[in-house]
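Structural overview for review
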Amino acid sequence: VAGCLIARADDSTASEEQAARHIDRLIQQRLEREGIVPAPQSSDAEFCRRAWLDLAGVAPPVGRLREFLQCQDQDKRRRLIDFLVRSPQHASHMASRWNEVLLPPDAQSQTSQQQNVIALHQWLRERFRENTPYDYLVGDLLTAGGAGNAGPAIFYTSRALEPEKLAAASSRIFMGIQLQCAQCHDHPFDRWIQEDFWQYAAFFSQLEQNESARPQERFIEDRPGGEVTLPDTDTIMSPRYPGVTEPPEKDPGNIRRRQLTIWMASRENPYFARAAVNRVWDHLFGRGLVETVDAMDADNQPSHPELLQYLADVFIEQRFNLRWLYAAIACTDAYGRTSLAASGDRPPETSFAAMTVKTLTAEQFYDSLQ
């Protein structure tokens with residue numbers, strides 16, 4: 001049919017659709033239990049605009065929108081999603097989003113850091129273009145070294161290579177836990193104690209940057225011997241994974257960041273996959289199954305526990321394929337529902353019975369105008 005996008009024919013298409021149907025069943029079960037009537041499906045124009053903004057970061061070009069509206073194929077929404085997650089715009093959009101996630105706000109606003117911010121964006125865009133598995137992407141970031149102004153190294157230099165800052169950022173971003181709340185004292189609401197935080201921070205204690213006078217020659221490297229101590233004591237903290245009582249296995253080169261990377265994406269880590277899928281859900285629905293995404297603590301339970309665990313399990317089965325995960329969730333009836341409901345009649349946002357109203361980000365607004 002003229003104007004329709006071509007869908008790929010491979011096994012992942014079927015698995016995406018199967019996952020989408022299972023997601024919808026889990027959401028529908030809760031709606032039925034609570035007597036909530038879901039909103040109808042959105043119009044094609046509303047869906048096309050939503051998918052382009054979420055997956056490509058821009059409003060749909062007029063020509064693309066007309067093609068979509070004229071297409072009569074029953075599966076044109078799935079075809080559009082498949083086209084978008086494979087597009088160059090998707091890789092650039094994902095890189096922009098992850099730049100914001102990975103860097104502290106002041107790093108992006110400082111003129112002196114602009115070259116480094118751009119380098120990270122380019123590095124991320126290439127990974128998303130190649131559909132690098134999420135565990136590999138995180139692993140490359142956590143073991144990044146070399147020039148301090150090249151790609152992922154800014155994750156470390158923007159935090160002055162300080163173990164406590166790196167521990168706080170990495171646990172929050174990649175595991176969704178507020179471990180830094182135990183930096184000065186035991187966590188007031190969760191299981192974490194002060195020793196937990198500093199044992200985790202010890203994984204970053206070996207980082208050093210040489211003191212070359214030329215910024216482009218300042219290299220980041222791991223030098224065995226660096227340690228952290230418990231504040232106000234002389235007690236050296238040995239590295240320990242969060243929530244794990246046994247010490248980590250020895251690394252052949254005694255490189256602690258490599259030890260952490262191996263554990264981070266392993267099945268022994270109960271936080272990694274759950275935090276990743278919750279962040280993707282938040283991106284597409286405007287709120288996470290756990291809200292907020294950076295605080296998946298014991299007192300902040302998911303709205304749909306079974307769904308969160310299912311997504312984490314299937315994400316692991318799909319070998320941390322982010323492109324697959326985005327497509328599977330975007331193919332659901334839940335994602336396709338309209339947001340056009342009267343304010344007084346809107347179901348609870350935690351039910352996902354209607355699409356959350358989402359405002360444009362500054363990047364979406366600028367790129368759409370451009």
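One numbering rule holds for all chains: residues counted from 1, following each sequence as written. With the structure being a predicted model, the display of local features is reserved for residues of pLDDT at least 70 and the display and counting of side-chain atom pairs for 80 or more, all residues being used for whole-chain, interface and lining totals. Excluding hydrogens and water, the side-chain values take into account all heavy atoms of the structure.

Turning our eyes to something else, we now look at the overall build of the protein chain. Comment: elements are numbered from the N terminus, with helices defined as DSSP H or I runs of at least four residues and strands as E runs of at least two. Per the secondary structure count, the protein chain includes 16 helices and 3 strands. For the radius of gyration, the atoms used are the C-alpha atoms, and the globule rule reads 2.2 Å times the number of residues raised to 0.38. Whereas a compact globule of 370 residues would reach a radius of gyration of roughly 21 Å, the protein chain reaches 22 Å, a difference of no more than 12%. In terms of overall dimensions, the protein chain has C-alpha extents of about 70 × 50 × 40 Å along its principal axes. Here, residues are in contact when the closest pair of their heavy atoms is within 4.5 Å. At a minimum sequence separation of 6, the contacts of the protein chain that also span at least 24 residues come to 67%.

Helix-helix packing is characterised by the crossing angle of the two axes and by the distance between the axes. What counts as an axis is a line fitted to C-alpha atoms, over the stretch in contact for a helix, and the angles between N-to-C directions run from 0 to 180 degrees. Contact geometry of helix H3 (residues 62–70) with helix H4 (residues 76–85) gives a least axis separation of 10 Å together with a crossing angle of 150°. On the basis of their axis angle, the class for H3 and H4 is roughly antiparallel. Seen along the crossing, H3 lies across H4 with a hand that is right-handed. Within the contact between the two elements, H3 uses Arg64, Phe68 and Leu69 and H4 uses Lys76, Arg77, Leu80 and Phe83. Amino acids are sorted into nonpolar (Ala, Val, Leu, Ile, Met, Phe, Trp, Tyr, Cys and Pro), charged (Asp, Glu, Lys and Arg) and polar (every other residue, Gly among them). Of the residues assigned to the contact of H3 with H4, the class counts are 4 nonpolar, no polar and 3 charged. What sets the label is the angle itself: under 35 degrees gives roughly parallel, over 145 gives roughly antiparallel, 65 to 115 gives roughly perpendicular, and the rest give oblique. We call a crossing left-handed when the near helix sits turned anticlockwise from the far one by less than a right angle, and right-handed when that turn is clockwise.

Burial classes: relative accessible area under 20% of the type maximum marks a residue as buried, over 50% as exposed, and values in between as partly exposed (1.4 Å probe, protein chains only). Within helix H15 (residues 322–330), 9 of the 9 residues are buried, which leaves the element mostly enclosed by the surrounding structure. Whenever two N or O atoms come within 3.5 Å, that pair is a polar contact, provided that in protein one can donate a hydrogen and the other can accept it, and provided that, for residues adjacent in sequence, both atoms are side-chain atoms. Where H15 begins, the side chain of Asn321 points an oxygen toward the backbone nitrogen of Arg323, at a separation of 3.1 Å.

With that settled, the discussion passes to the environment of Ile262. Among the structural elements, Ile262 can be located in helix H12 (residues 256–264). With a relative accessible area of 62%, Ile262 lands in the exposed category. Between the alpha carbons of Ile262 and Asp135 there is a distance of 9.4 Å; along the sequence they are 127 residues apart.

Attention shifts here to the packing of aromatic side chains. We call Phe, Tyr and Trp rings a pair once their centres come within 6.5 Å, taking the six-membered ring for Trp, and we label the pair stacked below 30 degrees between planes, edge-to-face above 60, and tilted otherwise. Going through the model one piece at a time under the given rule, you end up with 19 aromatic pairs. When the centroid spacing of 6.2 Å and the interplanar angle of 45° are considered together, the rings of Tyr134 and Phe315 count as tilted. Within this pair, whereas Tyr134 is found in helix H8 (residues 134–142), its partner Phe315 is found in helix H14 (residues 305–317), the two being separated by 181 residues in sequence. Like Tyr134, the residue Phe315 is buried in the burial classification. What links up through ring pairs into an aromatic cluster is the set Phe47, Trp281, Phe285, Tyr335 and Phe352.

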